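# Coordinate analysis (summary)
Below are the chains, spelled out letter by letter.
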Amino acid sequence: ECVSACVCPEGLFDDGKGGCVEEKDCPCTHNNQWYSPGQKITVDCNTCTCQKGLWNCTEDECYGTCMIYGNGHYITFDGKLYDFDGSCEYVATQDFCGDKNSSGSFSIITENVPCGTTGVTCSKAIKMFLGKTELKLENKDYKEIQRDIGDDVHYWNRTVGLYLVIEASNGVMLIWDKKTTLFIKLSPDYKGKVCGLCGNFDDKSNNDFTTRSGLQETNALKFGNSWKQSSMCPDITQEIKPCDVKPHRKSWAEKECSIIRSEVFKICHSKVDPIPFYEACVHDACSCDSGGDCECFCSAVAAYAEECTKAQACVFWRTPDICPIFCDYYN
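Residues numbered from 1 in each chain as written. Predicted model: local features only at pLDDT ≥ 70, side-chain atom pairs only at ≥ 80, totals over all residues. Heavy atoms only, no water.

Per an unreviewed UniProt entry, the recorded name for the protein is Mucin-2, and the organism is Nipponia nippon.

Here it is as structure tokens:
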């Protein structure tokens, strides 16, 4: 039977906006947005050009980024999001991974301590081992300790805005906001050769929960416990829900964190799912009940803003009332 419809004449194509165009003029879509032929977008470290309705991308290998922020939130090199509230020192990432022949060249340890009275933890200090050099980042500063064993690995440090950046000659970079947010960037040479709470950087997120003994776990707590540095630390056996422990803070936390789901971040919602970041924000805002409420909230929103920026959605969300930064000071 016949169905009434609009069809483009032979040889022309529907351009998605109600018009008909030749194949060379077909647009492309990315994150629900239309792009004209010849337009370019950046995805990670690659550039994609719209040609005949399809994206044609460069194929450069990109640096991997792991993010640890707030009260025990992790985003692995392969993009897996999870929470782990352990109170101990844990291996964030290292290239000493079970292979007897690999001596490894670096290790990054995060020391987690309780922040607030609900039992959640946040990163207080970071240790970075580069060959025979140990760097300890704590109290907004870092100090260097020379050890007897290991190779010489050169490194540079610089301050960029809010962040202290340490870059090493072996392709490891650490970016720290001098509070509770930490980014670890690794060169593509390390793909599939690292282990720890940041996963194995093999472009597959479903095997990121690999324990120290090489087993695949589905439970974040068992996975996290396997990477503790000291056997003296107790294992974490249950997930802490600070809003249940401090119900009187829940409505305040939800009200403050609603900025992530609001019009302010609308441009980003189709590119980065706001829900996990909103939930992490509420979790942190409930738990920081012994000072630093605003710092916990601001770090949580900044984490979402950072992911938005990576997805080409730059959001100006800070105001004199919401998490202001005194740019004159940092410039």
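This part covers the domain arrangement of the protein. Taken domain by domain, the protein consists of domain 1 (13–57), domain 2 (64–226) and domain 3 (242–311). Of note, the centres of domain 2 and domain 3, computed from C-alpha atoms alone, are 23 Å apart. Each side of the interface is counted separately: domain 2 has 20 residues, and domain 3 has 20 residues. Among the residues domain 2 hides against domain 3, the three largest losses belong to Tyr69, Asn71 and Thr118. Together they make up 31% of the total. Secondary-structure elements contributing two or more residues to the side of domain 2 that touches domain 3 are β8 (64–69) and β9 (73–75). If one sorts the elements of the side of domain 2 that touches domain 3 by residue count, β8 sits on top with three residues. Along the lines of polarity and charge, the residues of the side of domain 2 that touches domain 3 split into eight nonpolar, nine polar and three charged. (Domains from an automatic or database assignment. Contact = heavy atoms within 4.5 Å. Buried area = accessible area lost by both parts, 1.4 Å probe. Helix = DSSP H or I, 4+ residues; strand = E, 2+ residues; numbered from the N terminus. Nonpolar A, V, L, I, M, F, W, Y, C, P; charged D, E, K, R; others polar.)

Turning next to the state of the cysteines. As enumerated under the stated definition, the model contains twelve disulfides in all. Disulfide partner of Cys8: Cys20, at an S-S distance of 2.1 Å. Judged by the torsion about the S-S bond (-90°), the Cys8/Cys20 disulfide is left-handed. Note that Cys8 is positioned in the segment before β1 (13–14) and Cys20 in strand β2 (residues 20–21), a separation of twelve residues in sequence. Not part of a disulfide, Cys314 finds its nearest cysteine sulfur in Cys308, a span of 9.3 Å. (Disulfide = S-S within 2.5 Å.)

So, on to the environment of Gly64. Inspection of the secondary structure puts Gly64 in strand β8. With sequence-adjacent residues up to four places away left out, Gly64 is seen in contact with Phe77, Ile184, Lys185, Leu186 and Phe201.

Taken together, the three strands give an open sheet; going across it, the order is β5-β6-β7, and neighbouring strands pair in antiparallel fashion. With one partner strand each, in any of the chains shown, β5 (40–43) and β7 (54–57) form the two edges of the open sheet. Put simply, the sheet's adjacent strands are angled 35° from each other on average, direction ignored. Pairing of strand β6 (residues 46–51) with β7, which is carried by four bridges, proceeds in the antiparallel orientation. Bridge pairing in β7 places Gln51 opposite Leu54. (Pairing = 2+ DSSP bridges. Axes fitted to C-alpha atoms, helices over the stretch in contact; angles between N-to-C directions.)

Pairing is antiparallel across the open sheet formed by seven strands, whose spatial order is β10-β9-β8-β19-β18-β17-β16. Each end of this open sheet is capped by a strand with a single partner; those strands are β10 (81–83) and β16 (155–160). Each neighbouring strand pair of the sheet contributes to a mean axis angle of 15°, computed without reference to strand direction. Across five bridges, β8 lies against strand β19 (residues 182–186) in antiparallel orientation. Bridge pairing in β19 links Thr65 to Lys185. Along the sheet, helix α5 (residues 274–287) makes contact with β8, β9 and β10, crossing β9 at roughly 155°.

In this section: the pattern of salt bridges. For the coordinates displayed, the defined rule picks out eleven salt bridges. As a salt-bridge pair, Lys132 and Asp152 come within 4.0 Å of each other at their nearest N and O atoms. Here the residue Lys132 occupies a position in the loop between β13 (121–130) and β14 (133–138), and Asp152 occupies one in the loop between β15 (141–146) and β16, the gap between them amounting to 20 residues. Classification of Lys132 as partly exposed rests on a relative accessible area of 23%. A residue is classified by how much of its surface remains accessible, and Asp152, at 58% relative accessible area, is exposed. Residue Lys255 pairs with Glu256 through a salt bridge whose shortest N-O separation is 3.4 Å. A relative accessible area of 58% places Lys255 in the exposed class. The exposure class of Glu256 is partly exposed, given its relative accessible area of 25%. (Salt bridge = Lys/Arg side-chain N within 4 Å of Asp/Glu carboxyl O. Buried < 20%, exposed > 50% of the residue type's maximum accessible area, 1.4 Å probe, protein only.)

End to end, α5 covers 20 Å across 14 residues, agreeing with the expected 20 Å (1.5 Å per residue, within 8%). For α5, a buried count of eleven out of 14 residues is recorded, marking the element as mostly surrounded by other parts of the structure. Those residues of α5 that fall on the buried side of the exposure criterion are Pro274, Phe277, Tyr278, Ala280, Cys281, Val282, His283, Asp284, Ala285, Cys286 and Ser287. Capping the start of α5 is the job of one residue whose side-chain oxygen sits 3.1 Å from the backbone nitrogen of Ile275: Asp273. (Expected span 1.5 Å × (residues − 1). Polar contact = N/O pair within 3.5 Å; in protein donor to acceptor, adjacent residues only side chain to side chain.)

The next point concerns unusual backbone geometry. With phi around 55°, Asp44 is a residue other than glycine that occupies positive phi space. Within the secondary structure layout, Asp44 lies in the loop between β5 and β6. A positive phi angle, near 55°, is found at Phe201, a position not held by glycine. Assignment of secondary structure puts Phe201 in the loop between β19 and α1 (220–226).

Moving on, we get to the side chain of Asp85. Its location among the elements puts Asp85 in the loop between β10 and β11 (89–94). Lys241 provides the closest opposite charge to the buried, salt-bridge-free Asp85, at an N-O distance of 9.7 Å. In contact with Asp85, other than residues within four places in its own chain, are Asn71, Gly72, Val120, Thr121, Ile236, Ile240 and His283. (Lys, Arg positive; Asp, Glu negative; His and termini not counted.)

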